[in-house]
Amino acid sequence: AIIRDEGNQAIALSADVTNLASVELAAAAAMEAFGAIDILHNNVGVTHMGGPVELDEDAFQAALDLNIGPVYRTAKAVLPHMLKGGGGAIVNISSLAAIRYVGYPYFAYYAAKAAVNQATVALAMQYARQGIRANCVMPGLIDTPMIYKQISGQYGSADEMVAARNAMVPMGRMGTAWDVAAAAVFLASEEARFVTGVCLPVDGGQSCAVCELR
């Protein structure tokens with residue numbers, strides 16, 4: 001509705017990112033509606049709390065399937081259209097957890113998001129000559145509804161969580177979803193036409209700071 005209210009065209013599609021056939025149907029619907037796919041934006045992230053001892057194998061595999069699997073499936077579905085169209089831009093949402101310990105015991109999430117980073121670099125290098133760019137955004141501590149569902153259990157209360165997370169960021173506050181969106185829009189835009197293979201922290205400086213262990 002927001003996109004349409006600004007005078008643009010938009011369609012909403014539903015897909016199961018753990019199912020290749022479902023993703024391929026969504027890509028086909030986008031092609032039918034617009035005739036091209038110029039930008040692929042992967043924004044999937046689910047935390048499964050626990051280290052290797054606490055996590056059972058099913059939860060570990062589910063975390064990998066939900067956090068890195070969609071990068072493979074959407075690339076498989078969309079890249080042929082981008083190649084045929086002469087290029088495109090891929091922006092994957094990773095996490096600061098891909099490159100450092102952020103204080104939470106989610107072993108599978110760390111592993112999966114690290115895989116998103118390297119998968120992004122691999123896409124960037126393999127398809128650079130075909131006019132396809134691939135970059136990723138690594139959000140730090142962001143104030144979104146997800147943290148109240150998946151992270152707050154690590155604290156005594158939601159208020160305690162917010163205060164602690166704000167204190168962990170050198171800028172003194174968590175970011176917002178708009179901060180992440182602005183970085184993703186830039187990487188997808190023509191302004192970033194010479195930028196590829198980059199894993200960009202959007203974290204208020206946290207990647208430069210010492211982690212507070214929990």
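About the cut-offs
Residues numbered from 1 in each chain as written. Predicted model: local features only at pLDDT ≥ 70, side-chain atom pairs only at ≥ 80, totals over all residues. Heavy atoms only, no water. Helix = DSSP H or I, 4+ residues; strand = E, 2+ residues; numbered from the N terminus. Rg over C-alpha atoms; globule rule 2.2 N^0.38 Å. Buried < 20%, exposed > 50% of the residue type's maximum accessible area, 1.4 Å probe, protein only. Contact = heavy atoms within 4.5 Å. Areas by Shrake-Rupley, 256 points an atom, 1.4 Å probe, with all protein chains shown as cover. Lys, Arg positive; Asp, Glu negative; His and termini not counted. Charge placed at Lys NZ, Arg CZ, Asp CG, Glu CD. 1 Å grid on protein atoms, 1.4 Å probe; cavity = no way out; pocket = protein on both sides within 12 Å on 5 of 7 lines; lining within 4 Å. Points joined across faces, edges and corners; volume = space filled by probe spheres on them. Nonpolar A, V, L, I, M, F, W, Y, C, P; charged D, E, K, R; others polar. Pairing = 2+ DSSP bridges. Axes fitted to C-alpha atoms, helices over the stretch in contact; angles between N-to-C directions.

### Looking at the overall build of the protein
A count of helices and strands for the protein gives 8 helices and 4 strands. When its helices and strands are written in sequence order, the protein yields α-α-β-α-α-β-α-β-α-α-α-β. In terms of C-alpha radius of gyration, the protein reaches 18 Å, essentially the compact-globule figure of 17 Å for 214 residues. Across its three principal axes, the protein shows a C-alpha extent of roughly 50 × 35 × 35 Å. Looking at the 214 residues of the protein, the share that counts as buried comes to 41%. Considering only contacts within the protein whose residues lie at least 6 apart along the sequence, 71% involve residues at least 24 apart. Put simply, the protein shows about 11,500 Å² of open surface, and 57% of that area lies on carbon and sulfur atoms. If the 13 positive side-chain charges of the protein are averaged to one point and the 19 negative ones to another, these points end up 7 Å apart.

### A few points about empty space enclosed by the protein
One simple way to see leftover space: roll a probe sized like a water molecule over the atoms. Counted according to the given criterion, the structure contains 1 cavity of 30 Å³ or more. Taken as a whole, the largest cavity spans an internal volume of roughly 40 Å³. Its residues placed into classes, the lining of the largest cavity shows 5 nonpolar, 3 polar and no charged.

### Some points on the sheet that holds strand β2 (residues 88-93)
Overall, parallel pairing links the 4 strands, which are arranged β1-β2-β3-β4 in an open sheet. Looking at the sheet topology across the chains shown, the edges are occupied by β1 (39-42) and β4 (199-202). Going across the sheet, the axis of each strand differs from the next one's by a mean of 20°, ignoring polarity. Across 4 bridges, the pairing between strand β3 (residues 132-139) and β4 is parallel. Counted as the bridge partner of Met138 is Pro201 from β4. Packing of helix α4 (residues 69-85) onto the sheet brings it into contact with β1, β2 and β3, and relative to β1 it is tilted by some 175°. Packed on one face of the sheet, helix α5 (residues 107-126) meets β2, β3 and β4 and runs near 160° to β3.

Fair warning: the whole summary comes from geometry, so function is off the table for now.
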